[in-house]
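So you can see what is in the structure, the chains are spelled out below.
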Protein chains: 2
Amino acid sequence: MNQLIERRKVTARKEKPDSASLGFGKYFTDYMFVMDYEEERGWHDPRITPYEPVHLDPSASVFHYGQAVFEGLKAYRSEDGRVLMFRPDQNIKRLNKSLRRMSMPPLDEKLALEALIQLVELEQEWIPIEKGTSLYIRPFVIATEPSLGVRPSKRYKFMVVLTPVGSYYGDQLKPIRIYVEDEYVRAVTGGVGDVKTSGNYAASLQAQRKAEELGYDQVLWLDGVEKKYAEEVGSMNIFFIINGEAVTPALNGSILGGITRASVIELLKSWGIRVREEQVAIDDIYEAAMRGEVSEVFGTGTAAVISPVGALHIHGETIELNNGLIGEVSERLYETIAGIQVGKVRDSFRWVVEV
Amino acid sequence: MNQLIERRKVTARKEKPDSASLGFGKYFTDYMFVMDYEEERGWHDPRITPYEPVHLDPSASVFHYGQAVFEGLKAYRSEDGRVLMFRPDQNIKRLNKSLRRMSMPPLDEKLALEALIQLVELEQEWIPIEKGTSLYIRPFVIATEPSLGVRPSKRYKFMVVLTPVGSYYGDQLKPIRIYVEDEYVRAVTGGVGDVKTSGNYAASLQAQRKAEELGYDQVLWLDGVEKKYAEEVGSMNIFFIINGEAVTPALNGSILGGITRASVIELLKSWGIRVREEQVAIDDIYEAAMRGEVSEVFGTGTAAVISPVGALHIHGETIELNNGLIGEVSERLYETIAGIQVGKVRDSFRWVVEV
């Protein structure tokens, strides 16, 4: 593919923020990628432009009927100065899955990947280098047709923005406290819980607030039908280590198939640890924990990679796990994946793409 | 409340479209209403401005995490020249319910109602006068904070736009064909199906497309848990007339509480027709229809008021209802509500607000 033209240069580069103050998604780089879709022309006019406001008609479909999907992945600077991305092809593939489910037009996967690579290459000075930091990449597609008819929009914008982000944990992994939510429901089979669409996140905010008010960090969602089976933690997938085996909820149509989740499964198997993807009844977890058989629980996701769980609140009771410490498996997974991401651990699965 | 200032006048009024070509939500009037929210200041700066594009940062929360809610109602021109709105207080109340569920800040209900009234008053020349036409009012609130953190936005915009809309049916009521959807699910108790948030609509598009491809006009959603009970039709509520009684799904937490639905219930009761709000098993409907006990089925909503159903596709079979004709109750409801809306039928419930 040709180089995506920078149609306009920025007049002045922004000042780069201190690594210590990065947080998540607060600062944006100088450029972004944009491409338009019209029913008659298909996707067209891919371009890199200055990062600048989007002008939309007040009746643009995204404001009213919520056709919006996104992805999230990271670029890292290795110690020897290379720029690395972790499994970007998987994000593009999932973006297309989301687009199709939401009646939005899929992207050419090669072109979309090339857009990410060229934008990151152009903006590589923005990649922070301190341990745990990275350049977060946010590809997203929104419906832009100015019409209030309830039907798929005939116009869309695909955009990619970049934001340098801080270490999720500071210096070390810190176990989180989880509230098992049995009132609010995130998604149900036949719905859109297995794709990354904006409405899933808006719908989760109230339960997240409730968990925080009760002194927990995140919600563990249960299935919407029987409210018996574990689904996801906040916006991460969840794993339980029980009697030395890993158990994680199967992708049943209401759970997002995480790319970190898939990578964790591959790694565990390569280490000879059995992984069961199945229905996970929360009461079985409770009983196994009571018998001392649950040695570790952890979430997996792009933001934190591995997020150890130190406490689970189930039906009015709080179970402390592994004495609030990081488990062996969690630590090994974190060190391995985070190591592969920055080029410090050998990438035997060929997960890393060099920009 | 003071008059909402027109901060800037439009330089030229737009040309008004032909009544015959109005359609739904294609043309917008010259002015709109806007008010901003910031966490520190609350809702502030209510104003009427020219209808113009919204400028948002690419990281504005609405594009990524979908905090967006809306309402829809209509203004009518009566034969004697008055401007009438139908139960706008109910829309504002429901808007606040939606805002709270989506972790968004509620509005001052008086101010919001006043915004609608003043904007419609200013734009009253845009109200079409042909039978069945009206000025559709679309209040909506979107999250505008530029941040990718998954949490409630700290900034919002409340906007109201107006669009002249054509007659839903042309000259007369036309029965629609309904596909009972048993694969896709709209919502489940504990989710957000009982509020008017954008994600519900995006999530419904695929099933709607499937129904159209199979030769039906709309989907009848079943509950997401057992896929046994009727919930809504497309974006309308549904009523069945069985043995002379009206039956409609109870508001169970996954169904939107329609304002037309509430009005229909009040009217039917005032006519001495018994109304049962309860769980409605689709198999019971099927059997009642087979026994010839279902005399009418109709949807209720702002767009069509009353939408008679001529055919129901259930589990592979299509049931024709009332020989594809409009039922007596449907017709009487339509004539009464549409009559009250345009000031032709006495408004004994005080539903109409004169601008």
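A quick note: this is a predicted structure, and the numbers were derived from the prediction, not measured.

Calculation notes
- Residues numbered from 1 in each chain as written.
- Chains lettered and ligands numbered in written order.
- Predicted model: local features only at pLDDT ≥ 70, side-chain atom pairs only at ≥ 80, totals over all residues.
- Heavy atoms only, no water.
- Helix = DSSP H or I, 4+ residues; strand = E, 2+ residues; numbered from the N terminus.
- Rg over C-alpha atoms; globule rule 2.2 N^0.38 Å.
- Buried < 20%, exposed > 50% of the residue type's maximum accessible area, 1.4 Å probe, protein only.
- Contact = heavy atoms within 4.5 Å.
- Core = buried A, V, L, I, M, F, W, Y, C linked by side-chain atoms within 4.5 Å.
- Buried area = accessible area lost by both parts, 1.4 Å probe.
- Salt bridge = Lys/Arg side-chain N within 4 Å of Asp/Glu carboxyl O.
- Polar contact = N/O pair within 3.5 Å; in protein donor to acceptor, adjacent residues only side chain to side chain.
- Nonpolar A, V, L, I, M, F, W, Y, C, P; charged D, E, K, R; others polar.
- UniProt positions renumbered as here; feature names shortened; annotations may be inferred.
- Least-squares fit on C-alpha atoms with pLDDT ≥ 70 in both.
- Axes fitted to C-alpha atoms, helices over the stretch in contact; angles between N-to-C directions.
- Parallel < 35°, antiparallel > 145°, perpendicular 65-115°, else oblique.
- Left-handed = near helix turned anticlockwise from the far one by under 90°.
- Pairing = 2+ DSSP bridges.

(A) Representation of the overall build of chain A in the model. Counting secondary structure elements, chain A contains eight helices and 18 strands. Taken against the 2.2 N^0.38 rule, which gives 20 Å for 355 residues, the C-alpha radius of gyration of chain A at 21 Å falls within 12% of a compact globule. Evaluated residue by residue, chain A yields a buried proportion of 60% over its 355 residues. Taking all contacts inside chain A whose residues are at least 6 apart in sequence as the whole, residues at least 24 apart take part in 70%.

(B) Fine view of the nonpolar core. Formed by 42 residues in total, the largest nonpolar core has its most connected members in Leu 56 and Phe 63 of chain A together with Leu 56 and Phe 63 of chain B. Not counting residues within four places of it along the chain, the set of residues in contact with Leu 56 of chain A comprises Val 62, Phe 63, Ile 142 and Thr 144 of chain A together with Pro 53, Val 54 and Phe 63 of chain B. The next biggest cluster of nonpolar side chains, apart from the first, holds 39 residues, and it includes Met 35, Trp 43, Met 85 and Ile 117 of chain B.

(C) Region of the structure containing the interface of chain B and chain A. Across the boundary between the two partners, chain B contributes 58 residues, which contact 58 residues of chain A. Roughly 4600 Å² is buried in total at the junction of chain B and chain A, and carbon and sulfur atoms are behind 64% of that figure. Counting the surface chain B buries against chain A, the share from its top three residues, Pro 58, Phe 63 and Leu 205 of chain B, is 15%. There are zero salt bridges connecting chain B and chain A. Counting across the interface, chain B meets chain A through 16 residue pairs in polar contact (both at pLDDT 80 or more). Within the side of chain B that touches chain A, the residues separate by chemical class into 32 nonpolar, 17 polar and nine charged.

(D) Geometry of the UniProt feature "modified residue: N6-(pyridoxal phosphate)lysine" (unreviewed entry) in chain A. All names here are of chain A. The sites that carry the UniProt feature "modified residue: N6-(pyridoxal phosphate)lysine" (unreviewed entry) are, in the present numbering, Lys 196. Following the sequence through the fold, Lys 196 ends up in the loop between β9 (176–181) and α4 (198–202). Ignoring anything within four residues of it in the chain, the contact list for Lys 196 reads Ala 68, Val 69, Phe 70, Glu 71, Gly 72, Arg 94, Ser 98, Tyr 201 and Leu 256.

(E) The arrangement of the relation of the copies chain B and chain A in detail. Least-squares fitting of chain B to chain A yields an RMSD of 0.0 Å, with the superposition described by an axial translation of 0.0 Å and a rotation of 180°. Classification of the inter-copy transformation places it as that of a two-fold axis. Interface overlap between copies is the fraction of interface residues in one copy that are interface residues in the other; for chain B against chain A it reaches 100%, indicating a shared surface.

(F) Quick look at the packing of helix α2 (residues 88–101) of chain B against helix α3 (residues 109–122) of chain B. Residues and elements named next belong to chain B. At their nearest, the axes of α2 and α3 sit 10 Å apart, and the two run at 130° to each other. With respect to α3, the axis of α2 lies oblique. Between α2 and α3 lies a crossing of right-handed hand. Mapping the contact onto sequence places Pro 88, Asp 89, Ile 92, Lys 93 and Asn 96 in α2 and Glu 109, Ala 112, Leu 113 and Leu 116 in α3. In terms of residue class, the contact of α2 with α3 is built from five nonpolar, one polar and three charged.

(G) Broad picture of the pattern of salt bridges. Considering all chains together, one arrives at 46 salt bridges over all chains under this definition. Close ionic contact of Arg 47 of chain A with Asp 45 of chain A constitutes a salt bridge, the shortest N to O distance being 3.4 Å. Taking the relative accessible area as the measure of exposure, Asp 45 of chain A reaches 29% and is therefore partly exposed. Glu 183 of chain B is paired through a salt bridge with Lys 210 of chain B; the nearest N and O atoms lie 2.9 Å apart. A residue pair is termed long-range when its members are at least 10 positions apart, and Glu 183 of chain B in the loop between β9 (176–181) and α4 (198–202) and Lys 210 of chain B in helix α5 (residues 205–213) qualify at 27 residues. Residue Lys 210 of chain B is classed as buried on the basis of its relative accessible area, which comes to 18%.

(H) Structural context of unusual backbone geometry. Phi is positive for Arg 87 of chain A, which is not a glycine, with a value near 50°. Its location among the elements puts Arg 87 of chain A in the loop between β6 (83–86) and α2 (88–101). Here the phi dihedral of Lys 227 of chain B falls at roughly 50°; this positive angle occurs in a residue that is not glycine.

(I) The pairing of strand β2 (residues 42–50) of chain B, seen in detail. All names here are of chain B. Most of β2 is tucked away, with seven of its nine residues classed as buried. With seven bridges connecting them, strand β1 (residues 31–38) and β2 associate as antiparallel partners. Its bridge partner being in β2, Asp 36 is matched across the sheet by His 44. Between β1 and β2, which pair antiparallel in sequence order, lie three residues.

(J) Structural view of the environment of Thr 336 of chain A. All names here are of chain A. Along the chain, Thr 336 turns up in helix α8 (residues 328–341). Thr 336 sits in the buried class, given a relative accessible area of 15%. In this structure, the C-alpha to C-alpha distance between Thr 336 and Tyr 27, residues 309 residues apart in sequence, is 28 Å. Beyond its immediate chain neighbours, meaning those up to four positions away, Thr 336 contacts Leu 267, Trp 271 and Val 345.

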